[in-house]
Amino acid sequence: DAKTTQPNSMESNEEEPVHLPCNHSTISGTDYIHWYRQLPSQGPEYVIHGLTSNVNNRMASLAIAEDRKSSTLILHRATLRDAAVYYCILRDRHNQGGKLIFGQGTELSVKP
Amino acid sequence: GAVVSQHPSRVICKSGTSVKIECRSLDFQATTMFWYRQFPKQSLMLMATSNEGSKATYEQGVEKDKFLINHASLTLSTLTVTSAHPEDSSFYICSAREDGNYGYTFGSGTRLTVV
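A brief report on the enclosed structure follows. (Residues numbered from 1 in each chain as written. Chains lettered and ligands numbered in written order. Predicted model: local features only at pLDDT ≥ 70, side-chain atom pairs only at ≥ 80, totals over all residues. Heavy atoms only, no water.)

### A few points about the pattern of salt bridges
Residues and elements named next belong to chain A.
Now for step 1: Under the criterion given, the structure shown has seven salt bridges over all chains.
Now for step 2: With a shortest N-O distance of 3.4 Å, Glu11 and Lys111 are connected by a salt bridge. Residue Glu11 is located in strand 1 (residues 9-13), and its partner Lys111 is located in strand 9 (residues 106-111); the two are separated by 100 residues in the primary sequence. (Salt bridge = Lys/Arg side-chain N within 4 Å of Asp/Glu carboxyl O. Helix = DSSP H or I, 4+ residues; strand = E, 2+ residues; numbered from the N terminus.)

What follows is the structure, given as structure tokens:
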């Protein structure tokens, strides 16, 4: 799976939107973009995924650049419980059952 | 939704002893499960892929004789840390994917401390 690049850390204020960027310039046409987050002392949890079109679910939105070389995870109103490490991971659509490799992720802190 | 249960959540053992960690898929069958290790302030590192009814596939640099994996049923995989040493102290996490789901479900992790 291709590599992703994320900022090491970001800060946000409570109740404000947060935009978490991810660069994946070597993405292939069959790679899905997945986001997971890990709250302190817990296992990661799935957040959202997409291929080409922007996606929304109850947790977040995923905005994908037209050339697919970057994407942004959007938390519309950050809460203190959103403080976590967010991981952007590429997964080949033909290898959906295969192993998941984590990069360093972005540590999001939320200030009250 | 899919739930993965991991037990114990926390364990302290003496150096030289073995520790077994269980990972169960509660409401789905998982032919494949994954085991990760995470040191403080670091990302998750994949240790091995656990395959039901066959041998696990270990990542490069992971000692298969030290980290024994058994996946005897479609809902249970176990990781045994043998002859544990203080450097094995870490956060161990398992995951599985339910067929039809895009996302992987993770256990809540096991904090192992070897003294």
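Having put the structure on the table, let's press on.
### So, the nonpolar core
Residue and element names in this part refer to chain B.
Now for step 1: Core analysis: the largest hydrophobic core is formed by 25 residues, its most contacted members being Trp35, Phe67, Leu79, Tyr92 and Leu112.
Now for step 2: Of all the secondary-structure elements, those providing two or more residues to this core are strand 2 (10-13), strand 3 (19-25), strand 4 (32-38), strand 5 (45-51), strand 7 (67-73), strand 8 (76-81), strand 9 (90-96) and strand 11 (110-114).
Now for step 3: Contact partners of Leu112, with chain neighbours within four places excluded, come to Val11, Cys13, Val19, Val81, Asp88, Ser89, Ser90 and Tyr92. (Core = buried A, V, L, I, M, F, W, Y, C linked by side-chain atoms within 4.5 Å. Buried < 20%, exposed > 50% of the residue type's maximum accessible area, 1.4 Å probe, protein only. Contact = heavy atoms within 4.5 Å.)

### Comments concerning the state of the cysteines
Now for step 1: Counted by the stated rule, this structure contains two disulfides over all chains.
Now for step 2: Residue pairing for Cys22 of chain A: its cysteine sulfur links by disulfide to Cys88 of chain A, the two sulfurs lying 2.1 Å apart. Here Cys22 of chain A and Cys88 of chain A share a disulfide; its torsion about the S-S bond, -80 degrees, makes the bridge left-handed. In this pair, Cys22 of chain A sits in strand 2 (residues 18-23) while Cys88 of chain A sits in strand 8 (residues 84-92), placing the two residues 66 residues apart along the sequence.
Now for step 3: Exposure remark for Cys22 of chain A: the relative accessible area of 1% places this residue in the buried category.
Now for step 4: Between the sulfur atoms of Cys23 of chain B and its disulfide partner Cys94 of chain B the distance amounts to 2.0 Å. Classification of the bridge connecting Cys23 of chain B and Cys94 of chain B rests on its S-S torsion, roughly 85 degrees, and on that basis the disulfide is right-handed. On the criterion of sequence distance, the pair formed by Cys23 of chain B in strand 3 and Cys94 of chain B in strand 9 is long-range, its members being 71 residues apart.
Now for step 5: Owing to a relative accessible area of 0%, Cys94 of chain B belongs among the buried residues under this scheme.
Now for step 6: Left without a disulfide partner, Cys13 of chain B is nearest to the cysteine sulfur of Cys94 of chain B, which lies 18 Å away. (Disulfide = S-S within 2.5 Å.)

### Considerations on the interface of chain B and chain A
Now for step 1: Each partner contributes to the interface: chain B provides 18 residues, whereas chain A provides 21 residues.
Now for step 2: Here chain B and chain A share an interface that buries about 1,600 Å² over both sides, 53% of which is from carbon and sulfur atoms.
Now for step 3: Scanning the region where chain B abuts chain A turns up one salt bridge.
Now for step 4: The salt bridge partner of Lys99 of chain A is Glu59 of chain B, with a shortest N-O separation of 3.1 Å. (Buried area = accessible area lost by both parts, 1.4 Å probe.)

### Here we look at the packing of aromatic side chains
Now for step 1: The full count for this structure, using the stated rule, is nine aromatic pairs over all chains.
Now for step 2: With centroids separated by 5.8 Å and ring planes inclined at 75 degrees, the aromatic side chains of Phe102 of chain A and Phe106 of chain B adopt a geometry described as edge-to-face. Pair noted here: Phe102 of chain A is in the loop between strand 8 and strand 9 and Phe106 of chain B is in strand 10 (residues 105-106), and the two residues belong to different chains.
Now for step 3: You can call Phe102 of chain A buried: its relative accessible area is 8%. (Phe/Tyr/Trp six-rings, centres within 6.5 Å; stacked < 30°, edge-to-face > 60°.)

### Quick notes on the sheet that holds strand 7 (residues 70-75) of chain A
Residue and element names in this part refer to chain A.
Now for step 1: Read from one edge of the open sheet, four strands run 2-7-6-5, paired in antiparallel fashion. The open sheet terminates on both sides in strands that have one partner only, identified here as strand 2 and strand 5 (55-56).
Now for step 2: Inspection of the sheet shows strand 6 (residues 61-64) paired to strand 7 by four bridges, in the antiparallel sense. Each bridged residue has a counterpart across the sheet, and for Ile64 the counterpart in strand 7 is Ser71. (Pairing = 2+ DSSP bridges.)

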